[in-house]
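# A look at the structure
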Amino acid sequence: MSRIETLLSKMSLAEKLGQLTMTAASYAVTGPVIAGDSTQSIRDGTIGNLLNMVGADHVREMQRLALEESRLGIPLLIGFDVIHGHRTLFPIPLAEACSFDPRLWALTARESAKEAAADGLAMTFAPMLDVSRDPRWGRSAEGPGEDPWLGARIAEAKVHGFQGHDLAAPQALAAVAKHFCAYGPVTAGREYASVDISERTLREVHLPPFAAALAAGAAAVMPAFTDLAGVPMTANVALLRGWLREQHGFEGVIVSDYNAIAELMHHGIAADLAQAATLALKAGVDIDMMSDAYRRGLPVALTRGWVSVAEIDGAVRRVLALKERLGLFADPFARGASAEAPEAITARRELARTVAARAIVLLKNDKSVLPLTSVGLRLAVVGPLADASADMRGPWWGAAGPKGHVTVLEGLRGMLGESGVSHARGVDIDGEDTSGMAAALDLCGLADAIVLCVGEAATMSGEAASRAHLGLPGAQREFAEAVFERCKALHKPVIVVLFSGRPLVVPWLVEKADAVLAAWFLGSEAGNAIGDVLLGHVSPSGRTAVTWARAEGQIPIFFGQRPTGRPADPKDHYTSKYLDVPNEPLFPFGFGLTYGKFTHSNLRVPQGGVARTDTLAIRVDVTNAGARAAEDTVFLFTHDKLASVARPVLELKAFGKIGLKPGETGTVTLLLPAAELRFLGLDLSPTFEAGEVEILVGPCADRRQLLVASIQLSSG
Ligand code: BGC
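Residues numbered from 1 in each chain as written. Predicted model: local features only at pLDDT ≥ 70, side-chain atom pairs only at ≥ 80, totals over all residues. Heavy atoms only, no water.

### What about helix α10 (residues 237-247)?
- Along α10, the residues classified as buried are L239, L240, G242, W243, L244 and R245.
- Downstream of α10 by a residue or two, G249 has a phi angle that is positive, lying close to 60°. (Buried < 20%, exposed > 50% of the residue type's maximum accessible area, 1.4 Å probe, protein only. Helix = DSSP H or I, 4+ residues; strand = E, 2+ residues; numbered from the N terminus.)

Here you go:
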């Protein structure tokens, strides 16, 4: 008999339910703690999994209890939210998406896994794959942005990065693809609110990143807190048992979200814990995180005849199989056995700096005010985010404490010296106190340029951080306006470094600033990376992975919309537009300036009929007509102009990068498998329709800036 079957044959019901239970170890708790004294429960074999415990020593002690003091000696599975780093923080996922660099996406996951595994962890509740088209939703910060194809590419890179080639390796973490699925379109952008979207949008937009995570071998999946048209994901038989397990053959573990099984009662589909537990188990949820619904509810459900021991055994088997795959039976102490070498930690910080610089999106650079290269440069670095170490972390800071994350002030002082950089906070991130403004304004006169650091606090995005007003919080606008006014009079340029977990709605700020950097939250090396870009050590290359609205009323806003029967026409009243704002966003998806000046030409697409098995090589020439070396990102979109179902006006299918010196021209080749041109037909099954498809290539999702060519799909 296999180890798993042998164990199962010996397990009591309480021990089985223990394997299906995950309890917080009183660290970074994100919801109510229910399960009582976990130490004794581990000895009793009635808790088999922990979350929110870090530190190799703690882990070793807990594993020792499980192995030596519990009857069956089954190792614990210990998970944590390693979202964008563990102790060393990389940019938040939304920022990292903007690097459009699959190699780095995987590398930061790999490094996070190593660091977390050295702390004894075996599972991360990541990657977060919820496509978000509504920046009011704070969790936009944690995810891949607005596009499903991009989300899929990030999903596979992250799963490979976290898990490596061998899940049993002591540096590998089990990835948890979350939150399955369609958590992003919560009603009105309000956290945890109900979701009601079409079956088509579910399949075209929200499922593809999960399909990619599964194809990459994700070990586990976490259902979303939300309901989908009345069926909470935690109890969603059609999607968990149907799509995930049956259609995609997923044999890994499904771990509930925090207290989500008990919350089935609040959703109004379970009368008590026994019914909630029954619904979740029947849908396929194996591990109950923090509800204690399986331990308390399933024994009752068994006596009521609602569930069978065989169903419980099925879940236990999957949990034990994951522990086996992770090598936990072979050596439960392998993770966290030895501390990492200092060089590894130093190299990780360097990687964090590289990625952070590549995640920055330069939104504006009037008269090439950046980079700041003059000799003897004096800067005034002002604003509440200029020297805010804790906020540089962004939401989900893993096990990283508040200190030691390089601030803009520290970064610039490190590069320019103490005397070259003056600083005043001006105002707080939030609140109405303006008493510090005068001191900050006084610094403007003495500087060559002003670096104005404004935006959100780290806690204003992430979970439970929806916002209805997406401007600058508190008195920051008043402060920024005063800085602009003073600097206008002084003829001093103002460079805005904007921190946020979402695209803020700040057209006035962009208009008045000379330059704007979207710095999102860049992690432990934020200030150095920002300094690198401001001073021209690095030419910015990030492109926004989300559309920036010019007014909250444009939300949800995204490039992949379908056409309207009445395209906007300023001369025709009865066309699709607003009376008070343009339809166009402030910045389209893919937008981002560099220190070069790129032009695209000579788009080449294959001639003749394209069969569904072909892979097309599409080429475009890129010239750097600017004065500095820089890296360009080229996007390939398609538009199926005539199909049985209206197709989005642009669909992202590929991107490529090229670094060019001034005056240099190069060619970018973008590969497009024709199979990607399939879409869901009228009956929602994949179809490949013959006819013309537009190929649009260029700098961003603004049709006017794209080169266009056509290909012909042949039937069959
Ligand atoms: C979040 C999950 C997270 C879990 C454990 C929940 O509140 O929704 O994303 O993995 O807590 O910390």
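After that view of the structure, there is still more to cover.
### A short note on helix α17 (residues 408-416)
- For α17, the set of buried residues is V408, L409, G411 and L412. In a view along the axis of α17, the buried residues occupy a sector of 165°, so they form one face of it.
- Of the surrounding elements, those touching the buried residues of α17 are β12 (379-382), β13 (421-424), β14 (449-455), β15 (494-499) and α21 (526-534). (Arc of directions from axis to C-beta. Contact = heavy atoms within 4.5 Å.)

### Considerations on the sheet that holds strand β19 (residues 615-624)
- Strands sit in the order β17-β19-β22 across an open sheet of 3 strands; the sheet is antiparallel. Both edges of this open sheet fall to β17 (598-604) and β22 (665-673), since each of them pairs with a single strand only. Going from strand to strand, the sheet's axes swing by 30° on average, the running direction of each strand aside.
- Pairing analysis gives 9 bridges linking β19 to β22, with the strands arranged antiparallel. Within β22, the position partnered with R619 by the bridge is T669. (Pairing = 2+ DSSP bridges. Axes fitted to C-alpha atoms, helices over the stretch in contact; angles between N-to-C directions.)

### Considerations on the environment of L202
- Take L202: it is sitting in helix α8 (residues 199-206).
- The exposure class assigned to L202 is buried, which follows from its relative accessible area of 4%.
- Sequence separation between L202 and K178 is 24 residues; the distance between their C-alpha atoms is 15 Å.

### Remarks on the pattern of salt bridges
- As enumerated under the stated definition, the model contains 50 salt bridges in all.
- For the salt bridge of E61 with R64, the shortest nitrogen-to-oxygen distance reads 3.1 Å. One end of the pair is E61 and the other is R64, both in helix α4 (residues 56-69) and 3 residues apart, which spans about a single turn.
- Residues R413 and E418 are paired through a salt bridge, measuring 3.9 Å at the closest nitrogen-oxygen approach.
- Given the relative accessible area of 59%, E418 is considered exposed. (Salt bridge = Lys/Arg side-chain N within 4 Å of Asp/Glu carboxyl O.)

### What to know about the packing of aromatic side chains
- One pass over the full model with this rule turns up 18 aromatic pairs.
- When the ring of F100 is compared with that of F635, the centres are 5.0 Å apart and the planes differ by 80°; the resulting orientation is edge-to-face. Of this pair, F100 sits in the loop between α5 (93-97) and α6 (102-118) while F635 sits in strand β20 (residues 630-640), and the two are 535 residues apart along the sequence.
- Its relative accessible area of 1% is what places F100 among the buried residues.
- Ring geometry for Y192 versus F225: centroids 5.4 Å apart, planes at 90°, classification edge-to-face. Here Y192 is found in the loop between β5 (174-180) and α8, whereas its partner F225 is found in the loop between β6 (220-223) and β7 (227-228), with 33 residues between them in sequence.
- These aromatic residues form a ring-pair network of at least three members: F100, W105, W149, F559, F589, F635, F637 and F655.
- Seen from the ring of F558, R133 lies directly overhead, with NZ or CZ sitting 4.0 Å from the centre.
- Over the face of the ring belonging to W149 we find R153, whose NZ or CZ atom lies 5.0 Å from the ring centre. (Phe/Tyr/Trp six-rings, centres within 6.5 Å; stacked < 30°, edge-to-face > 60°. Lys NZ or Arg CZ within 6 Å of the ring centre and 35° of its normal.)

### Brief notes about the site of the ligand
- The local shell around the ligand holds 13 residues, among which D81, K178, H179, D257 and E463 are the closest.
- With respect to the ligand, the side chain of H179 contributes an N or O atom lying 2.7 Å from an oxygen atom.
- D257 is positioned with one of its side-chain polar atoms (N or O) 2.6 Å from an oxygen atom of the ligand.
- For the ligand, whose accessible area on its own is 310 Å², the fraction buried by protein is 100%.
- When its residues are assigned to classes, the shell around the ligand shows 6 nonpolar, 2 polar and 5 charged. (Near = heavy atom within 4 Å. Polar contact = N/O pair within 3.5 Å; in protein donor to acceptor, adjacent residues only side chain to side chain. Areas by Shrake-Rupley, 256 points an atom, 1.4 Å probe, with all protein chains shown as cover. Nonpolar A, V, L, I, M, F, W, Y, C, P; charged D, E, K, R; others polar.)

### Describing the packing of helix α7 (residues 148-163) against helix α9 (residues 208-215)
- Contact pair α7 / α9: the axes reach a minimum separation of 7 Å and the direction vectors enclose 25°. With respect to each other, α7 and α9 are oriented roughly parallel. Two packed elements cross with a definite hand, and for α7 against α9 that hand is right-handed. The residues of α9 that touch α7, namely those facing P148, G151, A152, A155, E156 and V159, are P208, P209, A212 and A213.
- Per-class residue counts for the contact of α7 with α9 are 8 nonpolar, 1 polar and 1 charged. (Parallel < 35°, antiparallel > 145°, perpendicular 65-115°, else oblique. Left-handed = near helix turned anticlockwise from the far one by under 90°.)

### Describing the domain arrangement of the protein chain
- Taken as a whole, the protein chain is organised into domain 1 (361-541) and domain 2 (598-713).
- Put simply, the middle of domain 1 and the middle of domain 2, counted by C-alpha atoms, are 36 Å apart.
- The largest per-residue losses of area from domain 1 upon contact with domain 2 belong to P371, S539 and S541, which jointly make up 79% of the total buried on that side.
- Where domain 1 meets domain 2, there are 0 salt bridges. (Domains from an automatic or database assignment. Buried area = accessible area lost by both parts, 1.4 Å probe.)

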